[in-house]
Amino acid sequence: MRESINATTPNIPAQTKSAPLVVALAGNPNAGKTTLFNALTGLRQKIANYSGVTVERKEGNWSVGDENIKLIDLPGLYSLDATSLDEQIAREVLMGRSEDLPRPDAIIAVVDATNLERNLYLVTQLLEYGIPVVIALTMVDLAEKQNLEIDSAKLSKLLEIPVIRVKAAQRVGIDELSAKALETARSDQPPRVKWLSNGHHSGDVHLSLSDNDAVNKQIFARYNFISEVYQESVQPVDQSEANFSERIDGILTHKFFGLVILVAILLLVFQAIFSWATLPMDLLDSGFGVLGEFVGTQMPPGILHDLIVDGIIAGVGGILIFLPQILMLFLFISILEDTGYMARAAFLLDKLMSRVGLHGKAFLPLMSSFACAIPGIMATRTIENRRDRLATILIAPFMSCSARLPVYALMIAAFFAGQTVFGFISVGAVLMLGMYALGIFVAVIAAFILKKTILKSPPPPFVMELPPYRLPNLRTVLQNMFTRAWLFIKRAGTVILAISIILWALMYFPRGAEVQGSEVTVQNEASQSKTNKVQKPKNEDPFVSQQLENSFAGMLGRTIEPAIAPLGFDWKIGVAIIASFAAREVLVSTLSIIYNVGADADETSPTLIKAIQTAKKADGTPVWTPLTALSLMVFFVLAMQCMSTLAVVRRETNSWAWVIFMFGYMTVIAYFASLLTYQGGRFLGFT
Amino acid sequence: MKNNASEGKVMTLANLEIGAVGKVESVLENGAISKRLMEMGIVPGVELKVVKTAPFGDPIQIRVRGYNLAMRRNEAEAIIISE
């Protein structure tokens with residue numbers, strides 16, 4: 001680090017600094033910060049049109065000439081007064097108190113030209129931190145369409161900081177911004193703060209938040225300064241006429257049509273996931289079948305053969321089949337966020353949400369939880385009141401996440417496929433909607449009870465921007481969708497792969513004496529099939545089921561069988577439920593492994609659906625009935641079966657007590673709901 | 001809601017009609033929320049317009065400093081308006 005040689009080589013001055021320059025990217029939500037961050041670093045990141053989705057600190061390497069700058073993407077902010085967690089995080093970074101991050105050398109403030117006054121408020125606060133600021137002025141073309149003429153030279157002169165117009169998506173102004181930011185970061189000259197009479201920086205003053213009057217005076221002083229700047233640098237425009245967004249709002253937040261459209265959009269999303277995604281899913285399914293068969297015939301029989309064909313290909317393949325559905329869901333969520341519709345949905349639903357004591361802002365975390373509870377729980381950081389935030393976190397996992405889709409889809413495909421109500425609505429779609437509705441219903445009741453008891457607090461405040469409608473950037477939406485898909489695939493390749501192997505081993509060992517014999521038969525069959533493709537015996541090979549029953553997994557499953565029998569589950573389902581505590585979608589891969597044990601891949605080998613439909617108990621009655629399937633679906637709607645979610649809750653609440661509480665209350669609810677479904681169903685005469 | 005006659009013409013944002021324009025007189029002290037309102041640009045002297053109310057009557061949508069903001073009536077009652 002401390003190479004003194006650098007001093008003698010002046011021709012590479014950029015390398016002389018021991019640590020790279022640090023630049024922070026700050027801006028209001030929806031100001032185009034994420035697009036700019038992507039343009040500067042090329043790093044992937046989620047973009048949204050609703051406050052606070054970019055909560056995680058994102059960093060990127062930004063090369064400007066020879067210099068390599070570390071770019072930190074701060075969360076979307078309206079101010080720096082540390083009322084919300086986002087603001088606290090940003091403050092820590094700007095004051096150099098954030099762990100393993102030095103105080104930034106410069107800040108790029110992303111300012112939306114169509115919303116100049118409120119965006120400049122954050123800029124005044126940033127300047128008070130004493131770090132040099134460069135303004136990246138975005139959405140200039142949109143401002144011009146609204147007849148807002150912004151004199152950026154004048155703006156720069158009045159604020160005494162550089163103002164660069166950028167169009168990040170087209171890379172316009174990026175070079176100029178880079179050069180200016182580098183120059184500013186190297187300059188070390190603190191900005192002048194002329195609006196605060198006492199010259200205090202907010203870093204000092206806001207430590208005494210109790211003095212409300214002083215704080216309000218500061219806010220007033222900043223806005224007074226901004227109004228002066230605004231009047232001098234912007235041509236006034238008549239804003240009495242409804243603009244583009246307000247005209248769209250005329251329909252989308254209409255008292256009646258707004259709600260109809262909201263329901264229609266949700267229906268469209270679910271319909272798309274369940275019918276349009278079927279074709280690619282079938283293709284993937286047969287693809288993995290062919291792969292398993294190919295590998296099965298190419299490898300010598302034995303333990304490794306069984307591991308790869310029955311453990312890995314069956315387990316991981318069973319999960320990757322659901323990729324098209326997950327892509328579809330993320331596509332819709334991205335579009336809804338990026339267009340600005342999510343905020344409207346929160347606006348429409350706030351009154352209903354507030355009835356159960358939730359904040360309208362809880363809508364986005366809960367909606368995101370339909371994809372995955374983890375980003376959903378992280379998105380609750382925008383909720384300022386701690387109790388409201390906790391209530392939202394505690395009910396978020398009731399929203400049916402994408403990991404439950406494979407479970408629902410499998411059950412529906414096996415027991416309710418092709419059935420219709422009124423001749424045209426598929427039972428599958430109705431059931432699927434029903435599962436989502438059940439989760440929402442239980443969440444509402446849970447929220448209501450939580451807010452009346454342990455999380456009691458006065459009605460939460462609700463102040464939320466309705467951002468202008470914008471066309472989603474196709475590249476950003478696709479990028480977001482594929483980033484999510486990649487995370488899913490990575491999970492399939494790591495966690496699910498590991499679990500598949502462990503489960504396979506749990507079911508494969510210990511090897512009994514009779515089973516050794518069965519292995520010989522299987523080997524013989526395998527060698528036969530290579531040569532003359534004889535018909536295999538049925539899957540329900542007594543040796544195979546005996547092996548599973550005597551395996552570690554079988555012992556575990558049978559231990560819990562008495563507890564789950566009233567729900568309609570046998571010990572095999574018990575094994576699958578235990579395995580899926582790691583992640584819900586593991587249920588499907590576990591079932592594939594359970595029902596494929598001893599079956600070598602072949603065109604006559606039954607698919608998982610077939611295996612479930614035909615599985616028999618010892619007495620010859622079917623293990624699975626439509627009622628069992630329904631009971632299992634209900635259990636999966638409500639049970640807290642996701643280790644990753646629990647880990648995130650631990651991190652976000654900073655307490656194991658909430659983790660244990662969440663796991664406990666959800667499991668209890670799931671058990672009794674499932675019990676009610678199965679026993680109630682039997683009472684009513686269903687099977 | 002009609003008990004504000006004592007001060008003559010004291011009005012809050014909550015009793016401004018849809019489409020009406022008002023000028024902010026002051027923001028009542030109400031902890032973090034009044035600070036948040038001011039940070040969003042609702043400071044004394046600024047003009048705002050009530051755009052609409054949500055389907056169930058609450059929250060309301062206002063236009064201030066060229067952008068749209070939603071808030072509950074409860075919050076709107078903290079904003080004193082003069083005409």
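Residues numbered from 1 in each chain as written. Chains lettered and ligands numbered in written order. Predicted model: local features only at pLDDT ≥ 70, side-chain atom pairs only at ≥ 80, totals over all residues.

### Observations concerning the overall build of chain A
So, point 1. Scanning chain A from terminus to terminus reveals 31 helices and 9 strands.
So, point 2. Here the analysis covers contacts within chain A between residues at least 6 apart in sequence; of these, 74% occur between residues at least 24 apart. (Helix = DSSP H or I, 4+ residues; strand = E, 2+ residues; numbered from the N terminus. Contact = placed C-beta atoms within 7 Å.)

### Points about the overall build of chain B
So, point 1. For chain B, the count of helices and strands is 2 helices and 6 strands.
So, point 2. Its helices and strands taken in sequence order, chain B reads β-β-α-β-β-β-α-β from the N to the C terminus.
So, point 3. In chain B, the share of contacts with a sequence separation of at least 24, taken over all contacts with a separation of at least 6, comes to 52%.

### Focus on the sheet that holds strand 4 (residues 106-112) of chain A
As a general point, the strands of a sheet are linked pairwise by backbone hydrogen bonds and lie either parallel or antiparallel.
All names here are of chain A.
So, point 1. Taken together, 6 strands build an open sheet; the order of strands is 2-3-1-4-5-6 and the sheet is mixed. Strand pairing shows two members of the sheet lacking a second neighbour, strand 2 (58-64) and strand 6 (163-165), which therefore form its edges. On average, each strand axis in the sheet is tilted by 25° relative to the strand beside it, whichever way the strands run.
So, point 2. Relative to strand 2, helix 2 (residues 33-41) is tilted by about 50°, and along the sheet it contacts strand 1 (22-27), strand 2, strand 3 (67-73), strand 4 and strand 5 (133-138). (Pairing = 2+ DSSP bridges. Axes fitted to C-alpha atoms, helices over the stretch in contact; angles between N-to-C directions.)

### Observations concerning the packing of helix 18 (residues 386-395) of chain A against helix 20 (residues 427-452) of chain A
All names here are of chain A.
So, point 1. Packing of helix 18 against helix 20 brings their axes to within 10 Å, and their N-to-C directions diverge by 145°. The hand of the helix 18/helix 20 crossing is right-handed. Together, Ala391, Leu394 and Ile395 of helix 18 and Ala443, Ala446, Ala447, Leu450 and Lys451 of helix 20 make up the contact between the two elements.
So, point 2. Its residues assigned to classes, the contact of helix 18 with helix 20 shows 7 nonpolar, no polar and 1 charged. (Left-handed = near helix turned anticlockwise from the far one by under 90°. Nonpolar A, V, L, I, M, F, W, Y, C, P; charged D, E, K, R; others polar.)

### Remarks on the interface of chain B and chain A
So, point 1. Facing the 31 residues of chain B at the interface are 33 residues of chain A.
So, point 2. The set of elements that each furnish at least two residues to the side of chain B that touches chain A consists of helix 1 (32-39), strand 3 (47-53), strand 5 (67-71) and helix 2 (73-76) of chain B.
So, point 3. Among the residues making up the side of chain B that touches chain A, the classes are represented as 16 nonpolar, 6 polar and 9 charged.
So, point 4. Bridging between strand 9 (residues 463-466) of chain A and strand 5 of chain B involves 4 bridges; their strand directions are antiparallel. Of the residues in strand 5 of chain B, the one forming a bridge with leucine 466 of chain A is asparagine 68 of chain B.

### Structural notes on unusual backbone geometry
So, point 1. The peptide bond linking aspartate 58 of chain B to proline 59 of chain B adopts the cis configuration, its omega dihedral lying at -5°.
So, point 2. With respect to the helices and strands, proline 59 of chain B occurs in the loop between strand 3 and strand 4 (60-64).
So, point 3. A positive phi angle, close to 65°, is found at asparagine 147 of chain A, a residue other than glycine.
So, point 4. With respect to the element layout, asparagine 147 of chain A can be found in the loop between helix 5 (140-145) and helix 6 (152-159).
So, point 5. At arginine 65 of chain B, a position not held by glycine, the phi torsion is positive, near 50°.
So, point 6. Tracing the backbone shows arginine 65 of chain B in the loop between strand 4 and strand 5.

### Remarks on the pairing of strand 4 of chain A
Regular strands place their side chains on alternate faces of the sheet.
Residues and elements named next belong to chain A.
So, point 1. Across the 7 residues that make up strand 4, a large majority, 7, are buried.
So, point 2. In strand 4, alternate side chains face the same way, and those of Ala106, Ile108, Val110 and Asp112 on one face and Ile107, Ala109 and Val111 on the other are all buried.
So, point 3. Taken together, the 5 bridges between strand 1 and strand 4 define a ladder with parallel strand orientation. Among the inter-strand pairings, alanine 26 is bridged to a residue of strand 4, identified as alanine 109.
So, point 4. Pairing analysis gives 6 bridges linking strand 4 to strand 5, with the strands arranged parallel. (Buried ≥ 20, exposed ≤ 12 C-beta atoms within 10 Å, placed from the backbone.)

### So, the confidence of the model for chain B
Residues and elements named next belong to chain B.
So, point 1. When pLDDT is averaged across chain B, the result is 85; 89% of the residues are at 70 or more.
So, point 2. Segment residues 1-7 is flagged for pLDDT under 50; beyond a separation of four residues in sequence, or across chains, it makes 2 contacts in the model.
So, point 3. Here the predicted complex scores 0.73 on pTM and 0.89 on ipTM. (pLDDT = per-residue confidence, 0-100.)

### Points about the environment of isoleucine 248 of chain A
Residue and element names in this part refer to chain A.
So, point 1. Relative to the helices and strands, isoleucine 248 is located in helix 10 (residues 244-252).
So, point 2. Among the residues examined, isoleucine 248 registers 17 C-beta atoms within 10 Å and is labelled partly exposed.
So, point 3. Along the primary structure isoleucine 248 and tyrosine 469 are separated by 221 residues, whereas in three dimensions their C-alpha atoms are 8.1 Å apart.

### Re the sheet that holds strand 9 of chain A
So, point 1. One open sheet accounts for 7 strands, arranged 9(A)-5(B)-4(B)-3(B)-2(B)-6(B)-1(B); its pairing is antiparallel. Every other strand in the sheet has two partners, leaving strand 9 of chain A together with strand 1 (11-12) of chain B as the edge strands with one partner each.
So, point 2. As paired strands, strand 1 of chain B and strand 6 (residues 79-82) of chain B are joined by 2 bridges and run antiparallel to one another. Paired with methionine 11 of chain B across the bridge in strand 6 of chain B is isoleucine 81 of chain B.

### Considering the pairing of strand 3 of chain B
All names here are of chain B.
So, point 1. Inspection of the sheet shows strand 2 (residues 21-27) paired to strand 3 by 3 bridges, in the antiparallel sense. Its bridge partner being in strand 3, valine 21 is matched across the sheet by lysine 49.
So, point 2. Here 5 bridges tie strand 3 to strand 4, and the two strands are oriented antiparallel to one another. Counted as the bridge partner of lysine 52 is glutamine 61 from strand 4.
So, point 3. The loop that links strand 3 with its antiparallel partner strand 4 comprises 6 residues; one of these, glycine 57, has a positive phi angle of about 90°.

### Observations concerning the nonpolar core
So, point 1. Counting residues in hydrophobic clusters, the biggest one holds 207 residues, and the most contacted among them are Ala109, Val111, Ile135, Ala136 and Met633 of chain A.
So, point 2. Once residues lying within four places of it in the same chain are set aside, the contact partners of alanine 109 of chain A are Ala26, Gly27, Leu122, Val123, Leu126, Val133 and Ile135 of chain A. (Core = buried A, V, L, I, M, F, W, Y, C linked by C-beta atoms within 7 Å.)

### Side note on helix 7 (residues 174-187) of chain A
Residue and element names in this part refer to chain A.
So, point 1. Taking 1.5 Å per residue, 14 residues should reach 20 Å; helix 7 reaches 20 Å between its end C-alpha atoms and fits that length.
So, point 2. Residues Leu177, Ser178, Lys180, Ala181, Leu182, Thr184 and Ala185 constitute the buried set of helix 7.
So, point 3. Where the residues of helix 7 are buried, they touch strand 1, strand 2, strand 3, strand 4, strand 5 and strand 6.
So, point 4. Of the residues trailing helix 7, aspartate 188 is marked for its positive phi of about 70°. (Expected span 1.5 Å × (residues − 1).)

### Description of the packing of helix 20 of chain A against helix 29 (residues 626-638) of chain A
All names here are of chain A.
So, point 1. Two elements in contact, helix 20 and helix 29, have axes whose closest approach is 9 Å; the angle formed by their N-to-C orientations is 45°. One way to sum up the angle between helix 20 and helix 29 is to call them oblique. Like other packed secondary-structure pairs, helix 20 and helix 29 cross with a definite hand, here right-handed. On helix 29, the residues that touch Met435, Leu438, Gly439 and Val442 of helix 20 are Met633, Val634, Val637 and Leu638.
So, point 2. In terms of residue class, the contact of helix 20 with helix 29 is made up of 7 nonpolar, 1 polar and no charged. (Parallel < 35°, antiparallel > 145°, perpendicular 65-115°, else oblique.)

### Looking at the confidence of the model for chain A
Residues and elements named next belong to chain A.
So, point 1. Mean pLDDT for chain A: 79, with 82% of residues reaching 70 or above.
So, point 2. Considering only residues more than four positions removed or in separate chains, one finds that residues 44-55, a stretch of pLDDT under 50, has 54 contacts.
So, point 3. Below a pLDDT of 50 lies the segment residues 199-209, which in the model reaches 15 contacts outside its immediate sequence neighbourhood of four places, other chains included.

### Let's talk about helix 2 of chain A
All names here are of chain A.
So, point 1. Counting buried residues in helix 2 gives 9 out of 9 residues, a clear majority hidden from the surface.
So, point 2. Of all the residues in helix 2, the buried ones are Lys33, Thr34, Thr35, Leu36, Phe37, Asn38, Ala39, Leu40 and Thr41.
So, point 3. Of the residues trailing helix 2, glycine 42 is marked for its positive phi of about 75°.

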